[in-house]
Amino acid sequence: MKSEDTPFEGGPMDGRVLPVLVGMTGHPPKTYRIPVPDPDGGPPTVLVYRRVPRDGRGGLGLARWKYAYDPEGRPGSGRKWPWSKPDPKAGPGADPDATPGGKPDDADG
């Protein structure tokens, strides 16, 4: 697989450049998670970095992206496919299988 040297900004990885694998589109992952082991043997701490565009245009051999530190470590929004059903919790009319407009079903008579 192909990798791209990508800079990290903020947090404990500030100023470092790591080789990051790129996908078929040539882009690195949107979220980069780095597990850091706990010295006392507890669960590891996970550092979360988000992909953002770099300032200016990347020339030959320079990454077009960088990773910015996300101290809250929010989960990603996930993939949004055009054929996916809407999220049932995403607002009014939550049930996608409900009868539209409150009209009775044909089975109701």
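Structure: see above.
The sections below set out a description of the structure shown in this document. (Residues numbered from 1 in each chain as written. Predicted model: local features only at pLDDT ≥ 70, side-chain atom pairs only at ≥ 80, totals over all residues. Heavy atoms only, no water.)

## Notes on the overall build of the chain
Alright, step 1. Scanning the chain for helices and strands turns up zero helices and five strands.
Alright, step 2. Its helices and strands in sequence order give the chain the pattern β-β-β-β-β, from N to C terminus.
Alright, step 3. Counting across all 109 residues of the chain, residues that qualify as buried make up 17%.
Alright, step 4. If you take every contact in the chain between residues at least 6 apart in sequence, the share linking residues at least 24 apart comes to 35%.
Alright, step 5. For the chain, the exposed area adds up to about 8700 Å²; of that, 56% sits on carbon and sulfur atoms. (Helix = DSSP H or I, 4+ residues; strand = E, 2+ residues; numbered from the N terminus. Buried < 20%, exposed > 50% of the residue type's maximum accessible area, 1.4 Å probe, protein only. Contact = heavy atoms within 4.5 Å. Areas by Shrake-Rupley, 256 points an atom, 1.4 Å probe, with all protein chains shown as cover.)

## Some thoughts on the packing of aromatic side chains
One pair of aromatic rings is described through two measures. These are the centre distance and the angle between the planes.
Alright, step 1. Taken as a whole, this structure holds five aromatic pairs when the rule is applied.
Alright, step 2. Relative to Y67, the ring of Y32 has its centre 5.4 Å away and its plane inclined at 45 degrees; by these criteria the two rings are tilted. Of this pair, Y32 sits in strand β3 (residues 31-36) while Y67 sits in strand β5 (residues 65-69), and the two are 35 residues apart along the sequence.
Alright, step 3. Residue class for Y67 comes out buried when judged on its relative accessible area of 0%.
Alright, step 4. Through successive ring pairs, a cluster of aromatic residues spans F8, Y32, Y49, Y67 and Y69.
Alright, step 5. The residue whose ring lies beneath R51 is W65, and the NZ or CZ to ring-centre distance is 4.3 Å. (Phe/Tyr/Trp six-rings, centres within 6.5 Å; stacked < 30°, edge-to-face > 60°. Lys NZ or Arg CZ within 6 Å of the ring centre and 35° of its normal.)

## Topic: the sheet that holds β5
Alright, step 1. Overall, mixed pairing links the five strands, which are arranged β2-β1-β5-β4-β3 in an open sheet. The open sheet has two edge strands, β2 (17-21) and β3, and neither has a second partner. Sheet twist, expressed as the mean angle between neighbouring strand axes with direction ignored, is 35 degrees.
Alright, step 2. Strand direction decides the pairing type here: β3 and strand β4 (residues 45-53), joined by six bridges, are antiparallel. (Pairing = 2+ DSSP bridges. Axes fitted to C-alpha atoms, helices over the stretch in contact; angles between N-to-C directions.)

## Some words on the pattern of salt bridges
Alright, step 1. Counted under the stated rule, the structure contains two salt bridges.
Alright, step 2. In this structure, the salt-bridge partner of D70 is R50, at a minimum N-O distance of 3.0 Å. With D70 in the segment after β5 and R50 in strand β4, this pair connects stretches of sequence that are 20 residues apart. No difference in accessibility class separates D70 from R50, as the two residues are buried. (Salt bridge = Lys/Arg side-chain N within 4 Å of Asp/Glu carboxyl O.)

## Digging into the side chain of D70
Alright, step 1. According to the relative accessible area criterion, D70 is buried, its value standing at 5%.
Alright, step 2. If near-sequence neighbours (up to four positions away) are discounted, D70 is found in contact with V48, Y49 and R50.

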